Amino acid sequence: MKNNQLIILLGIFAVIIITMAFRPNASKPSYSYLAIRAYHYDLDEVYISIGGKEYKKINLKKQHQGGYDINPLINLINQYESEGWEMQTIAGEIGSLLVWMRREK
């Protein structure tokens, strides 16, 4: 009788351990995303999309000092990094640049 109780108790304990070992990881972080799309070499069209909810267009042409100066865009990226955004990707095409950033919600 005692052996049966011990086996049942060990079985219940094993089921609990196995269940806890294979449950989904609850600590997986959730992220919010930000995209910056800059058109033209003088940065007169910069579009920012944040978290699928916020959208704005800015003009960095006044800060631009001539041919292929992207310092105003770098300053904008630094500003978002200081707010907790982390750059994931930066990609360029002829006439445009895309910056992809994320941060934990």
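Structure first, text after, so check above.
We now turn to the structure provided with this report.

Here is what the cut-offs are and how they apply
- Every chain is numbered independently, its residues counted from 1 as its sequence is written.
- For a predicted model such as this one, the threshold for reporting local features is a pLDDT of at least 70, and the threshold for listing and counting side-chain atom pairs is 80 or more; totals across whole chains, interfaces and linings nevertheless cover every residue.
- Only hydrogens and water are removed before side-chain values are computed, so all heavy atoms of the structure are retained for them.
- Note on conventions: DSSP H or I runs of at least 4 residues are helices, E runs of at least 2 residues are strands, and numbering of each starts at the N terminus.
- Polar contacts, as counted here, are pairs of nitrogen or oxygen atoms within 3.5 Å of one another; within protein the pair requires one atom able to donate a hydrogen and one able to accept it, and residues that are adjacent in sequence qualify only if both atoms are side-chain atoms.
- By the convention used here, residues are in contact when the closest approach between their heavy atoms is within 4.5 Å.
- Note on terminology: a nonpolar core comprises buried Ala, Val, Leu, Ile, Met, Phe, Trp, Tyr and Cys residues joined through side-chain atoms within 4.5 Å.
- Throughout, exposure labels follow a simple rule: accessible area from a 1.4 Å probe, protein chains only, divided by the maximum for the residue type, with under 20% read as buried, over 50% as exposed, and the rest as partly exposed.
- Strand pairing follows a simple DSSP-based rule, namely that at least 2 bridges must link the two strands.
- Simply put, an axis is a line fit to the C-alpha atoms, just over the touching stretch for a helix, and the angle between two N-to-C directions goes from 0 to 180 degrees.

1. Quick word on the side chain of Asp69
So, step 1. Along the chain, Asp69 turns up in the loop between strand E3 (54–58) and helix H2 (71–82).
So, step 2. Polar side-chain contacts of Asp69 include one of 3.0 Å to the backbone nitrogen of Asn71.
So, step 3. The contact partners of Asp69, leaving out residues within four places of it in the chain, are Leu43, Gln63 and His64.

2. A short note on the nonpolar core
So, step 1. Core analysis: the largest hydrophobic core is formed by 16 residues, its most contacted members being Leu34, Ile36, Val46, Ile48, Leu73, Tyr80 and Met101.
So, step 2. Contributions of two or more residues to this core are made by strand E1 (31–39), strand E2 (45–50), H2 and strand E5 (96–104).
So, step 3. With four residues, the single largest contributor to this core is H2.

3. Some thoughts on the pairing of E5
So, step 1. Examined bridge by bridge, E1 and E5 share nine bridges and lie antiparallel to one another. Residue pairing across strands places Tyr33 opposite Arg102, the latter belonging to E5.
So, step 2. Inspection of the sheet shows strand E4 (residues 86–93) paired to E5 by seven bridges, in the antiparallel sense. Bridge assignment links Gly92 to a residue of E5, and that residue is Leu97.

4. Some words on the sheet that holds E1
So, step 1. Read from one edge of the open sheet, five strands run E3-E2-E1-E5-E4, paired in antiparallel fashion. The sheet terminates laterally at E3 and E4, the two strands that pair on one side only. Adjacent strand axes in the sheet meet at a mean angle of 15 degrees, parallel and antiparallel pairs treated alike.
So, step 2. Where E2 lies against E3, five bridges are found, and the strand directions are antiparallel. Counterpart to Tyr47 in the pairing with E3 is Lys57.
So, step 3. Across the face of the sheet, H2 comes into contact with E1, E2, E3, E4 and E5 while running at roughly 170 degrees to E1.

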